[in-house]
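# Descriptive analysis of the structure
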Amino acid sequence: MGEHPPGSFGCDDEGMKIVVGVTGGIAAYKTVHLVRLMVKAGHTVTVVPTENALEFVGKPTWEALSRNPVTTSVHEDVPEVRHVRLGQEADLIVVAPATANTLAKMAAGIADDLLGTTLIASKAPVLVAPAMHTEMWQHASTQANVHTLRERGVHFVGPEAGELTGADSGLGRMTEPEQIFERAMALGSVAQDLTGCRVLVTAGGTREPIDPVRYIGNRSSGRQGIEVAAEAARRGAAVTLIAANIEQRLLEGLASSIEVSRVGSTAELEAAVHLLAASADAIVMAAAVSDYRVAEVADGKLRKADQGESLHLNLVENPDILRGLVDARGSSNLAKPVLVGFAAETVASDEELLERGRAKLARKGCDLLAVNAVGWSQGFEKEHNHLWLLEAGGSLMGQAEGPKGETARALVDALVPLIGEIKGLAL
Ligand code: C5P
């Protein structure tokens, strides 16, 4: 282990090299169990406590459980260059518990002890389990630090609501060791190839109001876009999901690091995309956006008695948001952001699907087009999908069939090198 390309790594049979940073909170006693779980699972664990952490659980406990020497100082073991070696070799760093003080130091890059140097000498994914009193967690400074760290690709688990150290209870309790362990293992098995990238994903279907109570909409559930957002976040990206009329229950399982912005109509979706487009490295337009809207939305409910036997709605064309983003980016297609479109087509054959996809790709001018067939019984609302991925120029980059999580993985796999290209150019 420790030989993976920068920014990516994976598990193998020998287990991972895990650094467990322990900071000065009472929850340190729970981290004892976390370290046990990791060692039992065959991982090589080095515990790096802060000086304050040792006030709660002493060095001999950490050394006995991890079966590795423990130090807090950068001045010990100097010939081994321990202050950077640990970070460089780590496959994963877990900081549990993380105090408000440590979060502030991490956000600022302060490296005045072994944990600080290890963190900034490392490219490994970092999972942080905060633990502190509710007021400290909610303080604007802590929230700003958490935001900064999330933007940088740091993963968070918790804090949870529950009993705190004193008589009080509230948000701030460290997540239980078993759950931290599960998250750490999941993180350890996923390449962190989008660390430091911002990805914007639209999902769901827009609704065009007719009057205060009616709309024209479509059957998109938002599942495919949600899976793309989740996959990008798992791989280290800072993700914003623009959710167009998505059922709340579908959004509930999403990692808390994903920012969700809810929109209704195409105009709202367009405004939300434009607000965030400049900071995005990639935009994945998975939402089914209405091509038309009602020209004049009625102020009051349209009454049957006023309409007679037939009702005529005057529809006008909506702006094509994706096309607009392509135009705004200019002629160079190797500029930020990478633009991914979706095409949902009712077709009779795979050939027809790809033919339509190629035509749409040429019309839209995006960098990648994910094409899928839809119909009364496929595509929309379903948990499975068959995605075909066309790159600029029309060549088929790949296809994936299966649960929407799997098709999302294929899409993100195709996206990573494109983001790499624009990031490389930007250097
Ligand atoms: O033209 P069509 O609606 O088939 O194109 C689908 C793709 O274009 C999707 O990625 C969708 O999010 C995007 N789109 C858009 N603005 C529209 C219509 C579609 O950005 N008005």
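About the thresholds
Sequence positions are assigned chain by chain, starting from 1 and proceeding in written order. A pLDDT threshold of at least 70 governs which residues receive local features in this predicted model, and a stricter bar of 80 or more applies before side-chain atom pairs are shown or counted, although totals over entire chains, interfaces and linings include all residues. Only heavy atoms go into the side-chain values, all of them from the structure, while hydrogens and water stay out. A patch is a set of surface residues, each over 30% in relative accessible area and not in a salt bridge, joined within 9 Å for like charges and within 5 Å for the nonpolar side chains Val, Leu, Ile, Met, Phe, Trp and Tyr. Accessible surface area values rest on a Shrake-Rupley calculation with a 1.4 Å probe, where residue burial reflects the displayed protein chains alone. The term salt bridge refers to a side-chain nitrogen of Lys or Arg lying within 4 Å of a carboxyl oxygen of Asp or Glu. Labels follow the DSSP assignment, with helices taken as runs of H or I lasting at least four residues and strands as runs of E lasting at least two, numbered in each case from the N terminus. Only buried residues count toward a nonpolar core, which is a set of Ala, Val, Leu, Ile, Met, Phe, Trp, Tyr and Cys residues joined through side-chain atoms within 4.5 Å. A simple rule labels every residue: compare its accessible area, found with a 1.4 Å probe on the protein chains alone, to the largest value its type can have, and call it buried under 20%, exposed over 50%, or partly exposed in between. We call two residues in contact whenever any of their non-hydrogen atoms come within 4.5 Å of each other. By this rule the span expected of a helix is its residue count minus one, scaled by 1.5 Å. Directions drawn from the helix axis to the C-beta atoms are what define this arc. Per-residue confidence from the predictor is reported as pLDDT, a score between 0 and 100. Any residue with a heavy atom positioned within 4 Å of a molecule or strand is treated as near that molecule or strand. Each polar contact in these results corresponds to two N or O atoms within 3.5 Å; when the atoms are within protein, one needs to be able to donate a hydrogen and the other to accept it, and residues that are neighboring in sequence are counted only if both atoms are side-chain atoms. Think of a 1 Å grid over just the protein atoms. A cavity is a set of points where a 1.4 Å probe fits yet cannot get out, a pocket is an open set with protein on both sides within 12 Å along at least five of seven lines, and lining residues have an atom within 4 Å of a point. Any molecule with more than half of its atoms within 2 Å of a cavity's or pocket's grid points is regarded as sitting in that cavity or pocket. Asp, Glu, Lys and Arg are counted as charged, while Ala, Val, Leu, Ile, Met, Phe, Trp, Tyr, Cys and Pro are counted as nonpolar; the rest, among them Gly, fall into the polar class. Interaxial angles span 0 to 180 degrees and are taken between N-to-C directions of axes, which are lines fitted to C-alpha atoms, for helices over the stretch in contact. Each angle gets one of four labels, with under 35 degrees taken as roughly parallel, over 145 as roughly antiparallel, 65 to 115 as roughly perpendicular, and the rest as oblique. Two strands pair under a simple rule: DSSP has to find at least two bridges between them.

Once that is clear, we can look at a nonpolar patch on the surface. The grouping of Tyr292, Leu311, Leu313 and Leu315 at the surface amounts to a nonpolar patch, some 350 Å² of accessible area in total. One can find Tyr292 in strand 14 (residues 292–294).

It is worth spelling out the nonpolar core at this point. Among the nonpolar cores identified, the biggest contains 41 residues, and Val199, Val239, Leu241, Val284 and Leu411 are the most heavily contacted of them. Here this core takes 10 residues from helix 15 (residues 404–426), the largest share from any one element. Beyond its immediate stretch of four places on either side in the chain, Leu411 contacts Val228, Val284, Val340, Phe342, Leu368, Ala370, Leu387 and Leu389. In this structure, Val35, Val45, Val47 and Val57 belong to the second largest nonpolar core, which totals 32 residues.

The terminal C-alpha atoms of helix 11 (residues 266–277) lie 16 Å apart, and with 12 residues this matches the ideal 16 Å at 1.5 Å per residue to within 8%. Every buried residue of helix 11 is accounted for by Thr266, Leu269, Ala272, Val273 and Ala277. Projected down its long axis, helix 11 shows its buried positions confined to an angular sector of 130 degrees, all on one face. Seen from the open side of helix 11, the exposed residues pointing more than 90 degrees away from its buried face are Ala267 and Leu275. Buried residues in helix 11 make contact with strand 8 (198–204), strand 9 (208–211), strand 11 (238–244), strand 12 (259–263), strand 13 (282–285) and helix 13 (321–329).

Right, let's talk about the confidence of the model for the chain for a bit. Reading predicted coordinates in detail is not appropriate for stretches of low pLDDT. Overall, the predicted model of the chain reaches an average pLDDT of 90, with 94% of residues at or above 70. Low pLDDT, under 50, characterises residues 1–13; the stretch is placed with 31 contacts to residues that sit more than four places away or in other chains.

Another point: the site of the ligand. Inspection of the region around the ligand gives 13 residues, with Met285, Ala287, Leu322, Phe342 and Lys360 positioned closest. Here an oxygen atom of the ligand and a side-chain polar atom of Asp291 are 3.4 Å apart. Here Phe342 contributes a backbone N or O atom positioned 2.8 Å from an oxygen atom of the ligand. Here the ligand has 440 Å² of accessible area as a free molecule, and 89% of this is covered by the chains. Judged by the fraction of its atoms near the pocket grid, the ligand is located in the largest pocket. Among the secondary structure elements, those contributing two or more residues to the shell around the ligand are helix 13, strand 16 (338–345) and helix 14 (350–364). Classifying every residue of the shell around the ligand by side-chain character gives seven nonpolar, two polar and four charged.

What follows is about the packing of helix 13 against helix 14. Remark: helix 13 packs on helix 14, axes separated minimally by 9 Å, with the N-to-C direction vectors making an angle of 50 degrees. Our classification of the angle between helix 13 and helix 14 gives oblique. Contact with helix 13, carried on its side by Leu322, Arg323 and Val326, involves Ala362, Arg363 and Lys364 of helix 14 and no other residues of that element. For the contact of helix 13 with helix 14, the per-class residue count stands at three nonpolar, no polar and three charged.

Strand order in this open sheet of five strands is 2-1-3-4-5, and the pairing throughout is parallel. Sheet topology places strand 2 (44–49) and strand 5 (155–156) at the edges, where each strand pairs with a single neighbour. As paired elements, strand 4 (residues 126–130) and strand 5 share two bridges and run parallel to each other. Along strand 5, the bridge assignment pairs Leu127 with His155. Packed onto the sheet, helix 4 (residues 100–108) meets strand 3 (92–98), strand 4 and strand 5 and runs at close to 150 degrees relative to strand 4.

In this section: the sheet that holds strand 17 (residues 368–373). Pairing within the open sheet is mixed, and its eight strands lie in the order 12-11-8-13-16-17-18-19. Where the open sheet ends on each side, the last strands, each with one partner, are strand 12 and strand 19 (396–403). Neighbour-to-neighbour, the strand axes of this sheet turn through a mean angle of 15 degrees, independent of strand direction. Where strand 18 (residues 384–391) meets strand 19, seven bridges bridge the pair, whose relative direction is antiparallel. Its bridge partner lying in strand 19, His386 is registered against Glu401. On the sheet, helix 11 packs against strand 8, strand 11, strand 12 and strand 13 and is oriented at approximately 170 degrees with respect to strand 11.

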